[in-house]
Amino acid sequence: MSIKQRLKRMLRRLTPAEVASSELADAELARLEAQTAQEYAAAMVSYQDTRIKRLKVFLRTQVD
């Protein structure tokens, strides 16, 4: 393929199907990123719950 043909192919307008395919790939990537954030947030909630329990036990033993 010549340089002229490659340049022409890069500068052409995309078809609706090509645009839709690109948007689908973007949406799937965004969903994966959101799932990662959701998993991280759930882990942080669990971590903080455990920390709170530990600190409450510690404080109860200090008061007695």
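So, here's what we can say about the structure. Please read all numbers here as calculations on a predicted model, not as lab measurements.

Focus: the overall build of the protein chain
Here's step 1: For the protein chain, the helix and strand inventory stands at two helices and zero strands.
Here's step 2: Expected size for 64 residues packed as a compact globule is a radius of gyration near 11 Å; at 26 Å, the protein chain overshoots this value by more than 25%.
Here's step 3: With the C-alpha coordinates aligned to their principal axes, the bounding extent of the protein chain is approximately 85 × 25 × 15 Å.
Here's step 4: Taking all 64 residues of the protein chain together, the buried fraction comes to 0%.

A short note on the pattern of salt bridges
Here's step 1: On inspection of all chains with the given rule, the structure shows one salt bridge.
Here's step 2: The shortest N-O distance in the salt bridge between Arg12 and Glu18 comes to 2.8 Å.
Here's step 3: Owing to a relative accessible area of 29%, Glu18 belongs among the partly exposed residues under this scheme.

Analysis parameters
- Residues numbered from 1 in each chain as written.
- Predicted model: local features only at pLDDT ≥ 70, side-chain atom pairs only at ≥ 80, totals over all residues.
- Heavy atoms only, no water.
- Helix = DSSP H or I, 4+ residues; strand = E, 2+ residues; numbered from the N terminus.
- Rg over C-alpha atoms; globule rule 2.2 N^0.38 Å.
- Buried < 20%, exposed > 50% of the residue type's maximum accessible area, 1.4 Å probe, protein only.
- Salt bridge = Lys/Arg side-chain N within 4 Å of Asp/Glu carboxyl O.

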